[in-house]
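Summary of structural features
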Amino acid sequence: MDAGATADRCPRRRVIPSVAGMLIGQSAPRPAARVQQLTKTYGSGEGMVHALAGVSVSIRRGEFTAIMGPSGSGKSTLMHIMAGLDAPSSGQAWIGDTKITGRSDTELTVLRRRRIGFVFQAFNLVPTLDALGNILLPFDLDGRRPTDAERTRVDRLISALGLSGRLRHRPHQLSGGQQQRVAIARALATAPDLVFADEPTGNLDSRSSRQVLGLLAVASREGGQSIAMVTHDPIAAAYADRVLFLGDGRIVADKPRQTAEQIAAFLLAAEPAPETGSATGATTTAATQQVPA
Ligand SMILES: Nc1ncnc2c1ncn2[C@@H]1O[C@H](COP(=O)(O)OP(=O)(O)OP(=O)(O)O)[C@@H](O)[C@H]1O
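Definitions and limits used
Residues numbered from 1 in each chain as written. Predicted model: local features only at pLDDT ≥ 70, side-chain atom pairs only at ≥ 80, totals over all residues. Heavy atoms only, no water. Axes fitted to C-alpha atoms, helices over the stretch in contact; angles between N-to-C directions. Helix = DSSP H or I, 4+ residues; strand = E, 2+ residues; numbered from the N terminus. Parallel < 35°, antiparallel > 145°, perpendicular 65-115°, else oblique. Left-handed = near helix turned anticlockwise from the far one by under 90°. Contact = heavy atoms within 4.5 Å. Phe/Tyr/Trp six-rings, centres within 6.5 Å; stacked < 30°, edge-to-face > 60°. Buried < 20%, exposed > 50% of the residue type's maximum accessible area, 1.4 Å probe, protein only. Pairing = 2+ DSSP bridges. Salt bridge = Lys/Arg side-chain N within 4 Å of Asp/Glu carboxyl O.

Looking at an unreviewed UniProt entry, the protein carries the name ABC transporter related, with the source organism given as Nakamurella multipartita.

**A few points about the packing of helix α6 (residues 148-160) against helix α7 (residues 176-189)**
Closest axis-to-axis distance for the α6/α7 pair is 10 Å, and the angle between their directions is 155°. Considering their axes alone, α6 and α7 lie roughly antiparallel with respect to each other. Considering the relative orientation of α6 and α7, their crossing is right-handed. Together, Arg 153, Val 154 and Leu 157 of α6 and Ala 185, Leu 188 and Ala 189 of α7 make up the contact between the two elements.

**Points about the packing of aromatic side chains**
Throughout the structure, instances matching the rule amount to two aromatic pairs. When the centroid spacing of 6.2 Å and the interplanar angle of 25° are considered together, the rings of Phe 118 and Phe 196 count as stacked. Note that Phe 118 is positioned in strand β8 (residues 116-119) and Phe 196 in strand β9 (residues 194-198), a separation of 78 residues in sequence. Both rings, one in Phe 245 and one in Phe 266, keep their centres 4.2 Å apart while their planes meet at 40°; by these two values the pair is tilted. Of this pair, Phe 245 sits in strand β11 (residues 242-247) while Phe 266 sits in helix α10 (residues 260-269), and the two are 21 residues apart along the sequence. Grouping residues by exposure puts Phe 245 and Phe 266 together as buried.

**Here we look at the sheet that holds strand β5 (residues 64-68)**
Within the open sheet, the six strands sit side by side as β8-β9-β10-β5-β11-β12. Their pairing is mixed. Looking at which strands have only one partner, the edges of the open sheet turn out to be β8 and β12 (250-256). Averaged over neighbouring strand pairs, the angle between their axes works out to 15° when direction is ignored. Pairing of β5 with strand β10 (residues 226-230), which is carried by four bridges, proceeds in the parallel orientation. What sits directly across from Phe 64, in β10, is Ile 227. Sheet strands touched by helix α2 (residues 75-82): β5, β9, β10 and β11. Its angle to β9, the strand with the most contacts, is close to 155°. Running at roughly 85° to β8, helix α3 (residues 105-115) makes contact with β8 and β9 of the sheet.

**Here we look at the pattern of salt bridges**
Should the charged atoms of two oppositely charged side chains come close, the side chains can pair. Under the counting rule described, the total for this entry stands at twelve salt bridges. Between Asp 241 and Arg 257 there is a salt bridge; the shortest N-O distance is 2.9 Å. A residue pair is termed long-range when its members are at least 10 positions apart, and Asp 241 in the loop between α9 (234-237) and β11 and Arg 257 in the loop between β12 and α10 qualify at 16 residues. The class for Asp 241 is partly exposed, based on a relative accessible area of 26%. Overlapping salt bridges bring together Arg 114, Asp 142, Arg 144 and Glu 150 as one network.

Right, here's the structure in full:
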């Protein structure tokens, strides 16, 4: 683990000399995560799939980034490699200043536990723990109890997510949406530097979705947390500061905050052509073009 683990939260100020010899402070926050020339190939021969075909991109610190694209475009693969849950076929990945490609499973487990929060489609809740036990699990796994300030923060999350009346329920006693909200509270409980969320609103009604997206937006805007969220939903992506679009395992567009209508229009224009003829099994999109990191 590198020494930058705690320092990463506080972007260093890069000092550059002006022409007059004065020193001008310029904020140059390092990215929360980045990948370079990432490829991921599954299978071989005729069945080979290029899930990622040379992706270079950064998740900026303190920003809420949405990752969109057609089904099979590589969104989950990219997120899993960025989070150290999967290894690329080639290329490199960093979390903060820590290069994660080539690290051992043990090192990656500690890194994830300390610095990353996860919300996945399959909630990954522990069936034998009640909702509160699941929410507090990151502290248990780190071998410590929450501080008073952390407990206050957790209580606020529980209340904001409407879970106060469900804390003693085990996952099988909760609805899908409630389980999803428990997973979100757990992901944000330790205020990790970086939160990866894969379709976090996939199982939620529109009111719960707004609550969750609002929480993620506040976590980045006020808490300085960096959020990377995979979503198919233009309304969800409209909460983000930045929207990355994937197609054919490549970044095809990188846009600042968009309205849901702008996002939907872009997705429509990028829909796969009827006859793709792709040899790789990946889809060809009208808007496919590599965008530099
Ligand atoms: N374990 C695997 N074995 C073989 N192929 C895989 C595997 N995981 C993913 N793929 C393939 O890699 C490509 C990218 O998959 P990925 O799950 O990253 O796409 P996605 O954009 O997240 O899709 P969706 O929106 O449907 O979840 C797809 O063609 C998929 O079939």
